[in-house]
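Close look at the chain arrangement
Listed below are the residues making up each chain.
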Amino acid sequence: MDIYLRWKRPSRLVDNKRMRTTSDFQWLLSTFVLLYLMNHVTSQRKETPYDLKCTTNNLKMWDCSWKAPSGAGHGTLYEFCIDNRSHSCYQLARTNIEIPALSHGDHEITIRSLQDAGSSTSEFILNEKNISLIPDTPEILNLSADFSTSTLHVKWNDKGSVFPRHSNVIWEIKILRKKSMELVKLVTHNTSLSGKDAVHHWSWVSDLPLECAAHYVGMRCYVDSPLFSGHKEWSDWSPVKNISWTPDSQAKVFPQDKVVLVGSDITFCCVSQEKVLSAQIGRTYCPLIHLDGENVAIEVHDISVSDNSGTNVVFMIEDNVSGTVVFAGYPPDIPQNLNCETHDLKEIICSWNPGRPTGLVGPRNTSYTLFEGFSGKYIRFKRVEVSANGSYHQLLFQMVPNQEIYNFTLYARNPLGRSEATILVNITEKVYPHTPTSFKVKDINSTAVILSWHLPGSFAKINLLCQIEIKKINSVQELRNITIKGVENSSYRIAVGKLNPYTVYTFRIRCSAETFWKWSKWSNKKQHLTTEAIPSKGPDTWREWSSDGKNLIIYWKPLPINEANGKILSYNVSCSSDEETQSLSEIPDPQHKAEIQLDKNDYIISVVAKNSVGASPPSKIASMEIPNDDLKTEQAVGMGKGILLTWHQDPNMTCDYVIKWCNSSRSAPCLMDWRKVPSNSTEVLIESDQFRPGVRYNFFLYGCRNQGYQLLRSIIGYIEELAPIVAPNFTVEDTSADSILVKWEDIPVEELRGFLRGYLFYFEKGERDTSKIRGLESGRSDIKVKNITDISQKTLRIADLQGKTSYHLVLRAYTDGGMGPEKSMFVVTKENSVGLIIAILIPVAVAVIVGLVTSILCYRKREWIKETFYPDIPNPENCKALQFQKSVCEGSSALKTLEMNPCTPNSVEVLETRSTFPKIEDTEIISPVAECPEDSSGAEPENHVVVSYCPPIIEEEIPNPAGDEAGGTSQVIYIDVQSMYQPQVKPEEEHGKDPAGGAGYKPQMHLPINSTVEDIAAEDDLDKTAGYRPQANVNTWNLVSPDSPRSTDSNSEIVSFGSPCSINSRQFLIPPKDEDSPQSNGGGWSFTNFFQNKPND
Amino acid sequence: MCPLCLLMLLLPLLSPAAPISPAGPISQAYSLALYMQKNTSTLLQTYLQYQGSPFSDPGFSAPELQLSSLPPASVSFKIWHALDDGERLSRAQWAFLALTQHLQLVGDDQSDLNPGSPILLAQLGAARLRAQGLLGNMAAIMTALGLPIPPEEDTLGLVPFGASAFERKCRGYVVTREYGHWTDRAVRDLALLKAKYPA
């Protein structure tokens, strides 16, 4: 039972952690049960010693004890005999004995108690398997605490010297917290025994700062000796040792200024003598965990990254506050893009990107150390709070002499960790030179210069690759690479050739090592003008004979800058023939022409350009012109900016072709410019900024043969054709009853602005005003068009016209550039006079016959008439006066006896005004007469002679403005009836009456002056205000009127006869000189004026 | 402009002490104190803004925080009124001497805690210079009034160096706060003296 209990206890304390030993214990259990039964059998009687148990704590000595037999008192002696080879017995007066460990196998043990009453003997079988190994209780030598890190350090002795054999030991350490000894940690720690005493250490970091609560530590051990076959048990727990902190009087919060990893959990505690009210981290309040006394703690989980000055943890205590600061951040990131290079092979610059920010600054910031593996040198990075190089950090490492390969390791470290990056560089391949300085340019000759610059650095062991940028004004930059031997901190010089003389160049330079890594920055730019050289070519020369043929004018063009090679100062011109030589020297530069009087001999003219260095090779040209008989003038039209001339290659032309051109309207000698093309070319595109569209140019193609020029082609052309700007001037030469002969003149070349392609002649019936309303291009069928493509034609007869009709004639010229403006004229054809005479004679004859017949009849029946109408004694029954209503208007003169009012034949019925529309009946228009209202007011109707008078009003081409229209009511034109009735009211009065509707009568020809545009609004006004409006459209009325002017032209010169006043223009259509001529009041026209035709100019 | 006016106000420091009327130095000291008064709340707000919550929380105030090395400016009106000129000036002199040294300490603390905040460090530096200027002005007044000038002492002692970050933040708060209070008090002190010694 006892054994069982002893077995049971450890198994509970081991806490099921060591399941492997369970099977051993089961085996042991059966063994001990068997042993127990044997003992029980052998010591059935309690008169003998019983219950022998043996344990060991060091495997060397066994400690055996037994129970005394009943009746054994004080002073009982026992004889303990081990029956082995040397039968050894021990006499002792107590019930336990320490014997040396026995060998394997069963050993017979005899215990005999010797007492007064007699002796009794018990026999036991003892085997190692029956022995329990219980190590001595361990003792903690030292327990210390590092409060700053909340770490407990435990130190103890394993007492390994007592064990004869090497064994493994399991230590179990428990950590208890607070005065209530709450178990916070139970850990096992394995060691092995070496046969000697050894001191062991174990440390533990507390989550709760050690300052805030007392901590207790206890331990026990278990020796797991593999050779010991007996029962192994845990030792007893050692006495606990404790650690506590003596608080100040002031409350304090722990841990202080701790740097933690972002996302970690951390416990803060406050040691206080007074009650803590609340706690907060940042702005977050935390629940309090109460510790011993008034001490409290808070737990913070997953802490977030801190501000620069850390995260504040504040505990509010009664009338006080206490706190701490925690710095949550990250360990240093691996330095990224670590790169080392050198500017001068003296110093290595290593730069890197620190990567993710750590969130830690000041003393907690990451410190960097750059270590070089081969030389063992290192440098530390000085802390910079705001990096000058953006987010990059850099370190300068002094190069080690004669070392080219460097193995750099950059260590980054902060309180939370460390990282590193390495780079192996051959520094001669990582040269990024400084910007070249003191860059200078010096002349060698006109095509070469020397560049010099300074480049600091020890480049003696390497070659430098430098790039020179050469830039000409208005030209693409040129880059030239050169390789030069590096030198120690010195200047470099290089010659640059293949330059153009007298040219402004801009140079700059940059360098790198020959094993290219990076170009340096460009040096400053240096502008340099190369020196002059002699002109490389003679000027481009041409010659023209003067208009009188006596002088030869020599032209040359200024040399382009790349051929002049300097500033051209003057030209020398010489003309030489077989007999004589004439020369003109030192013609100053801006002059590019010279005139020499020559006879018609053949001369060779040579022109030389000179600059400060020397003279150009002469350019020569022959004076002779070879005649060309079959020369035709051609036409050409350009395309875009230029004009393309082509010709067939002529093998006779040995030297070159020259195309010269000029503005055709300029006087001779005609020369604007010329151009030479090689003799093998057959076309040239002549382009010039001077070309203008619509201007005619003459182009002359010369071929050069045997040192003389022959004019091959003469071309007139336009760069671009435009429409003519003027219309052809045309006149009517002749007019008949059915035809008109028109003649026109040429358009001057300047105004034609293109090659004339023809004329368009339009004609239509119509009067000036009406035709103007409609456009010619409207495609009306009544417009007849003649396209005259024969440009030499200058006259046109238009036949099949109607007699005595106004025709509208329009002529316009056109080129390929478009239609020119139109010129128009109005012509009235002559009347067919025979028909007209017949038409007049027949009605006259009829009227005479009717008159005669009536007179004869009246004469023959005069008695009857007298009886009927004028009886001597009137018969009242025959009085017709009583039947007035029936016959009042039958035109009989017999009514006079009744003294009736004379009856007018034009049955104008005067009505009382009952409505705004006066009733008008049977108004007959016989003759339109323009009546000027100013004049008419005082005139008597009876003695009125139809004399149309109008003030001389200048004809207005443009439509009358609306304001005129309103005033137009004052210019009433009304139509005479038989009696030449005139309105009795002033127009102004009439105008005033109209809206009131008081006028009983309105003449029908109450027309507004405006005839060009039908103003609907104005018409509406008339509708409302006046009770009457004109029945006829003024335009159509005008057209059919026989009184219309016979002919007018576009310049509004009046060609007219008769004396009507134009209803629309308010102007006499006859000239003022005809004003006094007799007027016809019947038809509105007269024979005298009928054939008047004033041709326009 | 501010460094210029500061220079102008500091100018009397450089001129050799001469038996002059106290009105001049009092007036100058008063002007400087008034000028300082305009910036004290800005300094305190800037300081708190950089210390994180709860310091930077709006309306933060912890009157219970005091520094033993820095005399508080608050005093009962009766006692203050009863002070004679010498005592009044020597208390202010002592306080601004302590403030000068404490502002230096706070500046050092903040260059560790907030190294990337040049605005705060500049304001602390400027406040320290102004406190020094006022000290000089007060010495001139005391000279003019014939009062003994207290010797410069180390007001900080050994205490502050091992302070935790939280303690450093708190003492910075107390220093910047007391700087304001003492400036307010100096304005009152000097106004009283100004009335007493009119020009």
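What you see is a predicted model, and the numbers here were worked out from it, not measured in a lab.

**Quick word on the UniProt feature "transmembrane region" (unreviewed entry) in chain A**
As recorded in UniProt, the sites labelled "transmembrane region" (unreviewed entry) are residues 834–859 of chain A. Between the first and last C-alpha atoms of residues 834–859 of chain A the distance is 37 Å; the span itself is 100% helix and 0% strand.

**Focus on the packing of helix α2 (residues 23–49) of chain B against helix α5 (residues 118–145) of chain B**
All names here are of chain B. Two elements in contact, α2 and α5, have axes whose closest approach is 10 Å; the angle formed by their N-to-C orientations is 155°. By the angle between their directions, the pair α2 and α5 is classed as roughly antiparallel. Relative to α5, the crossing made by α2 is left-handed. By residue class, the composition of the contact of α2 with α5 is 17 nonpolar, seven polar and one charged.

**Quick look at the sheet that holds strand β10 (residues 151–157) of chain A**
Residues and elements named next belong to chain A. Taken in spatial order, the three strands make up an open sheet running β9-β10-β13, and their pairing is antiparallel. Each end of this open sheet is capped by a strand with a single partner; those strands are β9 (140–146) and β13 (199–205). Strand-to-strand, the axes of this sheet are offset by a mean angle of 15°, without reference to chain direction. Summarising the sheet, β9 and β10 pair through six bridges and their orientation is antiparallel. In the strand pairing of β10, L143 is matched with V154.

**Some words on a positive patch on the surface**
Residue and element names in this part refer to chain A. Residues K440, K442, R493 and K526 make up a contiguous surface patch of positive charge. Assignment of secondary structure puts K442 in strand β33 (residues 437–445). For K442, a relative accessible area of 54% puts it in the exposed group.

**So, the confidence of the model for chain A**
Here chain A averages 76 in pLDDT, and 73% of its residues register 70 or above. For residues 913–1097 of chain A, every residue scores under 50 in pLDDT, and the model assigns this stretch 252 contacts once sequence neighbours within four places are set aside.

**Brief notes about helix α4 (residues 85–113) of chain B**
Helix length check: α4(B), at 29 residues, gives a terminal C-alpha distance of 41 Å against a target of 42 Å (1.5 Å per residue), a fit within 8%. Extensive coverage of α4(B) is indicated by the burial of 21 of its 29 residues.

What counts, and where the lines are drawn
Residues numbered from 1 in each chain as written. Chains lettered and ligands numbered in written order. Predicted model: local features only at pLDDT ≥ 70, side-chain atom pairs only at ≥ 80, totals over all residues. Heavy atoms only, no water. UniProt positions renumbered as here; feature names shortened; annotations may be inferred. Helix = DSSP H or I, 4+ residues; strand = E, 2+ residues; numbered from the N terminus. Axes fitted to C-alpha atoms, helices over the stretch in contact; angles between N-to-C directions. Parallel < 35°, antiparallel > 145°, perpendicular 65-115°, else oblique. Left-handed = near helix turned anticlockwise from the far one by under 90°. Nonpolar A, V, L, I, M, F, W, Y, C, P; charged D, E, K, R; others polar. Pairing = 2+ DSSP bridges. Patch = residues over 30% accessible without salt bridge, like charges linked within 9 Å, V, L, I, M, F, W, Y side chains within 5 Å. Areas by Shrake-Rupley, 256 points an atom, 1.4 Å probe, with all protein chains shown as cover. Salt bridge = Lys/Arg side-chain N within 4 Å of Asp/Glu carboxyl O. Lys, Arg positive; Asp, Glu negative; His and termini not counted. Charge placed at Lys NZ, Arg CZ, Asp CG, Glu CD. Buried < 20%, exposed > 50% of the residue type's maximum accessible area, 1.4 Å probe, protein only. pLDDT = per-residue confidence, 0-100. Contact = heavy atoms within 4.5 Å. Expected span 1.5 Å × (residues − 1).

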